[in-house]
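So the chains spell out like this:
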Amino acid sequence: MKTLRITAPFVVPHLSKSILLAKFFRALGDPTRLRILQAVLEEEKNVTALVRITGAPQGRVSTHLACLRWFGYVTARREGRKVFYLVTDPRVRELVLLASDLVGDNLQRIRTCTVVDRSS
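Residues numbered from 1 in each chain as written. Predicted model: local features only at pLDDT ≥ 70, side-chain atom pairs only at ≥ 80, totals over all residues. Heavy atoms only, no water.

Undergrad: Help me understand helix α4 (residues 58-70) in this model?
TA: For an α-helix the count is 3.6 residues per turn, leaving residues at separations of three or four pointing the same way. Given a rise of 1.5 Å per residue, 13 residues ought to cover 18 Å, and the 18 Å separating the end C-alpha atoms of α4 matches this to within 8%. Buried residues of α4: Val61, His64, Leu65, Cys67 and Leu68, and no others. All buried residues of α4 fall inside an arc of 160° around its axis, so they share one side. Looking at α4, the residues exposed on the side facing more than 90 degrees away from the buried face are Thr63 and Trp70. Buried residues belonging to α4 abut α1 (17-27), α2 (31-39), α3 (47-54) and β3 (82-86). Gly72 lies just past α4 and shows a positive phi near 85°. (Helix = DSSP H or I, 4+ residues; strand = E, 2+ residues; numbered from the N terminus. Expected span 1.5 Å × (residues − 1). Buried < 20%, exposed > 50% of the residue type's maximum accessible area, 1.4 Å probe, protein only. Arc of directions from axis to C-beta. Contact = heavy atoms within 4.5 Å.)

Undergrad: Please explain the sheet that holds β3 as it appears in this structure.
TA: Adjacent strands of a sheet form backbone hydrogen bonds with each other and so pair up, either parallel or antiparallel. The three strands are arranged β1-β3-β2 in an open sheet whose pairing can be described as antiparallel. On the outer flanks of this sheet lie β1 (45-46) and β2 (75-79), each paired with one strand and no other. Note that β2 and β3 share five bridges and pair antiparallel. Across the sheet, the residue bridging to Glu79 is Lys82, located in β3. (Pairing = 2+ DSSP bridges.)

Undergrad: I keep staring at a nonpolar patch on the surface and nothing clicks. Help me out?
TA: Residues Val103, Leu107 and Ile110 make up a contiguous nonpolar surface patch of roughly 220 Å² in combined accessible area. Locating Val103 in the fold gives a position in helix α5 (residues 90-105). (Patch = residues over 30% accessible without salt bridge, like charges linked within 9 Å, V, L, I, M, F, W, Y side chains within 5 Å. Areas by Shrake-Rupley, 256 points an atom, 1.4 Å probe, with all protein chains shown as cover. Salt bridge = Lys/Arg side-chain N within 4 Å of Asp/Glu carboxyl O.)

Undergrad: Please explain the pattern of salt bridges as it appears in this structure.
TA: Where charged atoms from two side chains of opposite charge approach closely, those side chains can pair. Here the structure, examined in full by the defined rule, presents five salt bridges. For Glu79, the salt bridge goes to Arg77, with nearest N and O atoms at 2.9 Å. One network of salt bridges, in which partners are shared, links Glu44, Arg77 and Glu79.

Undergrad: What am I meant to see in the side chain of Lys45 here?
TA: Within the secondary structure layout, Lys45 lies in strand β1. By relative accessible area, Lys45 is classed as buried at 17%. Ignoring any residue separated from it by four or fewer positions in sequence, one finds Lys45 in contact with Ala39, Val40, Leu50, Ile53, Val83, Phe84 and Tyr85.

Have a look at this one:
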């Protein structure tokens, strides 16, 4: 079995501000990730609780949590064998609440938009 060897340091390409901002919003563009964020805005929850809330399989919830942690949207706290997640940056909370308000104000237009792909 061959192993992959990286001989040069990994280089991250320069990304424009608009590309970085698009990546930022793409991370929020998944319904399961948004349900997770909404669930941990005010109170920390573990994976078991988030599986129950989202209805998604444990593996998928864990993958989404890893993404949310990587982007800095949630933090984790270990207590024994359980890990609890919470939105700790007030800007993330404000962003989710502001987006919810905007959706409420533009609900009909958003529902009927055919340009943006529909999510499950």
